[in-house]
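As a plain string of letters, each chain reads:
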Amino acid sequence: MQIDKDRALPADEPRVSEEDVRRGQAVYTPLTLRAYDTFVLGAVSPLVWRCSRGRLLDHYRQYLTDSHLEVGVGTGYLLDHSKFPGKKPRLTLLDLNQHALDFTRRRLRRFAPRVWRENVLAPIEFDESYRSVALHYVLHCLPGTMNSKAVVFGHLKKGLAPGGVLFGATVLGKGVPHTRPAWALLALYNQRGIFHNLEDDVESLATALQHHFESYKIELVGSVALFSAHR
């Protein structure tokens, strides 16, 4: 599914609190990270969100370049199971959670990644640019509405080289068909502050991407929106 609608972002909203940001990433501890690949990617994504690990990998591999910024690194599974197009890739890992950064740096040590601890909701000062930027399963964890989360695209676009691509995946809260387990998990995660996506839909995502990028694509797979956008 591709959406291309000429629309403006709604008026600015109040900024989210530091506590909201902290709660969204605090769930990623050394213990939960060890179970992430099996539980989230191997079970929840295919069985609840109905987007398989293989489908996520296909989308990821399509856009990965040898000059890459990984935002919201998780465990580095997608990077670990993809092949860079060049022999000497330049890889930077960006996340607010130090546990996730440490876990992924160890897993991908063969690439000697640069590690960068930053809050993607705040402005980022880039000292180099990248041809690809990945944002997988991050947006639904960020506090606020899709309108307020859209600042992320503006921040990351500054580090994107001309002709570069930003791509990712996010679980939508509305406007897509959810199973009963999906509704239950959405309610639980939003109540606990792990997710903030009950009002996220494909139209608001399209509006955010259209506001910041010259071209973009969105594909719906189950409850998940796979997206890409070019500078």
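This text follows the structure it describes.
Rules used in this analysis
By convention here, each chain's residues receive numbers from 1 onward along its written sequence. Side-chain atom pairs in this predicted model are given and counted only at pLDDT of 80 or more, local residue features only at pLDDT of at least 70, and totals for whole chains, interfaces and linings cover all residues. As a rule here, side-chain values come from all non-hydrogen atoms in the structure, and water together with hydrogens is ignored. Note on terminology: a nonpolar core comprises buried Ala, Val, Leu, Ile, Met, Phe, Trp, Tyr and Cys residues joined through side-chain atoms within 4.5 Å. When a residue's accessible area, from a 1.4 Å probe over protein chains only, is under 20% of the maximum for its type it is buried; when over 50% it is exposed; and in between it is partly exposed. Helical segments are the DSSP runs of H or I of at least four residues, strand segments are the runs of E of at least two, and each set is numbered from the N terminus. Contacts: residue pairs with any heavy atoms within 4.5 Å of one another. Here a strand pair is declared whenever DSSP counts at least two bridges between the two strands. Angles here are taken between N-to-C directions and fall from 0 to 180 degrees, while the axes themselves are lines fitted to C-alpha atoms, restricted in helices to the stretch in contact. The directions considered for the arc run from the helix axis to the C-beta atoms. In this analysis, the protein atoms alone were mapped onto a 1 Å grid. Cavities are point sets where a 1.4 Å probe fits without being able to get out; pockets are open sets with protein on both sides within 12 Å along at least five of seven lines; lining residues have an atom within 4 Å of a point. Grid points are joined across faces, edges and corners, and a volume is the space filled by probe spheres set on the points.

A. Looking closely at the nonpolar core. One finds Trp-49, Leu-56, Leu-79, Tyr-137 and Val-224 to be the most contacted residues of the largest nonpolar core, which totals 42 residues. If you list the elements that add at least two residues to this core, you get helix H2 (30-48), helix H3 (53-63), helix H4 (77-80), strand S2 (90-95), helix H5 (98-107), strand S5 (160-171), helix H8 (180-191) and strand S7 (224-230). The greatest single-element share of this core, amounting to 6 residues, is contributed by H2. Formed by 34 residues, the second largest nonpolar core is a distinct cluster that contains Trp-116, Leu-121, Phe-126 and Ala-208.

B. Structural detail: the environment of Arg-114. Looking at the element boundaries, Arg-114 is found in strand S3 (residues 114-117). Residue Arg-114 is classed as partly exposed on the basis of its relative accessible area, which comes to 30%. In the structure, Arg-114 is positioned 20 residues away from Leu-94 in sequence and 8.6 Å away in space, judged by C-alpha atoms. Residues within four places of Arg-114 in sequence aside, it is in contact with Leu-91, Thr-92, Leu-93, Asp-127, Glu-128 and Tyr-130.

C. Fine view of the sheet that holds S5. Spatially, S3-S2-S1-S4-S5-S7-S6 is the arrangement adopted by the 7 strands of the open sheet, whose pairing is mixed. Edge strands, defined here as strands with exactly one partner in the open sheet, are S3 and strand S6 (215-221). For this sheet the average axis-to-axis angle between neighbouring strands, irrespective of direction, equals 15°. Two elements, strand S4 (residues 130-136) and S5, share 6 bridges in a ladder whose sense is parallel. The residue bridging Ser-132 from the neighbouring strand is Val-165, located in S5. Along the sheet, helix H9 (residues 202-212) makes contact with S5, S6 and S7, crossing S6 at roughly 160°.

D. Representation of H5 within the structure. All of the buried residues along H5 are Ala-100, Leu-101, Phe-103 and Thr-104. Projected down its long axis, H5 carries its buried residues within an arc of 165°, all on one side. Contacts made by the buried residues of H5 are with H2, S2 and S3.

E. Here's a closer look at the pairing of S5. Extensive coverage of S5 is indicated by the burial of 10 of its 12 residues. Here S5 pairs with S7 via 7 bridges, running antiparallel. Bridge pairing in S7 places Ala-169 opposite Leu-226.

F. Quick look at the layout of surface pockets. If you add up the space inside the second largest pocket, you get close to 320 Å³. Forming the walls of the second largest pocket are 14 residues, and the residues nearest its centre are Val-27, Tyr-28, Phe-39, Val-40 and Tyr-189. If one sorts the elements of the lining of the second largest pocket by residue count, H2 sits on top with 6 residues.

G. Broad picture of the environment of Leu-209. Its place among the elements puts Leu-209 in helix H9. Residue class for Leu-209 comes out buried when judged on its relative accessible area of 0%. The spacing of Leu-209 and Ala-150 is 59 residues in sequence and 7.7 Å in space, taken between C-alpha atoms. Not counting residues within four places of it along the chain, the set of residues in contact with Leu-209 comprises Phe-153, Tyr-216, Ile-218, Phe-227 and Ala-229.

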